[in-house]
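Report on the structure
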Amino acid sequence: MEFITTYLPFLSAVISFIFAYSVLRRYTQRRKNHLLLWGIGMIFYGIGGFCEGYYGFFGWNDTVFRLWYLFGAILVAAWLGQGTVYLLAKKPWPTITMVLLGLGSMYGLYRVFTAQLDPALLTTSLHTGSELSGHAIVTDGVRSLTPIFNIYGTVTLVGGAIWSAWIFFRKRVLLHRTIGNILIAAGALAPAFGGAGSRFGIPAALYIGELLGAILMFIGFWRATTPMKVEQTTAQLATAD
Amino acid sequence: MTKETKISKNSERSFSPFYEKIIPVAITTIVIIITGMLVLTLGIALGLIPTG
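Residues numbered from 1 in each chain as written. Chains lettered and ligands numbered in written order. Predicted model: local features only at pLDDT ≥ 70, side-chain atom pairs only at ≥ 80, totals over all residues. Heavy atoms only, no water.

1. Focus on the pattern of salt bridges
The line we're drawing: Take a side-chain nitrogen of Lys or Arg and a carboxyl oxygen of Asp or Glu: if they are within 4 Å of each other, that pair is a salt bridge. What counts as a helix is a DSSP run of H or I of at least four residues, what counts as a strand is a run of E of at least two, and both are numbered from the N terminus. Partly exposed describes any residue whose relative accessible area lies between the buried limit of under 20% and the exposed limit of over 50%, with all areas from a 1.4 Å probe on protein chains only and scaled to the type maximum.
All chains considered together, the criterion is met by 2 salt bridges over all chains. Across the pair R66 of chain A and D62 of chain A runs a salt bridge, and its minimum N-O distance is 2.8 Å. Taken as a pair, R66 of chain A and D62 of chain A lie in helix α3 (residues 62-88) at a separation of 4 residues, close to a single helical turn. Here R66 of chain A falls in the buried class, since its relative accessible area comes to 12%. Of the residues examined, D62 of chain A reaches a relative accessible area of 35% and is grouped as partly exposed. The salt bridge partner of E20 of chain B is R172 of chain A, with a shortest N-O separation of 2.7 Å. Highlighted residues: E20 of chain B in helix α2 (residues 17-45) and R172 of chain A in the loop between α5 (145-171) and α6 (175-199), drawn from two different chains.

This is the structure in structure tokens:
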């Protein structure tokens, strides 16, 4: 069990940071806003994983908990989803939602860093205390921010990926993007499953879900941005015709 | 190229049988899961589903 609550979240963090580097390097070449936001989102994902690993190794730390809650629990899904909004939505929606997300994130930062905490509450209810959870926040109105950000993030990230996959499938084009988007959608759902498992008392379910999510999204991104050999051959044949 | 020709060309295209079967299943599954999760989350947030 200790391995799951220590090394596993660190592994998630390492994968997330490599993924973020890969996306941001692509951003420097193409200058597309969605790549920048996905890169930032994956840095948040990595910070969340790092804080969880820190808790597993060294125990409670006030600042680490606040960083985890802000980046890992509140902001990550929304910022990743905002990237998808930039990719798919028409102007001026990306700008409007970005302003709202920016303001909301600043408010979240203020609320999380001024909240009262009680680490003893991590073992209340069904939660085992083996992993971090928002139970430790005493101040009212902080935890209620999380579903707002997460619903927005999940709908835009998973919804956008699955919508893209469906469009490509319906037209029977770009198989690699169809598969990539399905993997991204599945990866984005994995931490939500883990979080649900954690709420129902399954120890470390959240950390397993997060690791699976980081791996699936990374493979999905790689698949979506790398044409398959079959498609390349077909394209070459079409050009030859 | 006319609209009819475009539609005809699209309908002629297909992925391999494996992907033709697996992709709709995967998409449908994810849509059902995300819809279920959103309904549950909203239900809990609105107090319609008791959490004990």
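Right, picking up where we left off after that structure.
2. Let's talk about the nonpolar core
Here is a general trend for soluble globular proteins: nonpolar side chains tend to be buried in one another's company. Note the threshold: Among buried residues, those of type Ala, Val, Leu, Ile, Met, Phe, Trp, Tyr and Cys that are joined through side-chain atoms within 4.5 Å constitute a nonpolar core. Here, residues are in contact when the closest pair of their heavy atoms is within 4.5 Å.
Membership of the largest hydrophobic core comes to 65 residues, with the highest contact counts inside it found for F65, Y69, L75, L80 and M217 of chain A. Every element with two or more residues in this core is listed here: α1 (2-30), α2 (33-58), α3, α4 (93-114), α5, α6 and α7 (205-225) of chain A together with α2 of chain B. With 13 residues, the top contributor of residues to this core is α3 of chain A. Not counting chain neighbours up to four residues away, the residues in contact with L80 of chain A comprise W38, G41, M42, Y45, L157 and M217 of chain A.

By themselves, these observations are geometric and do not establish any function.
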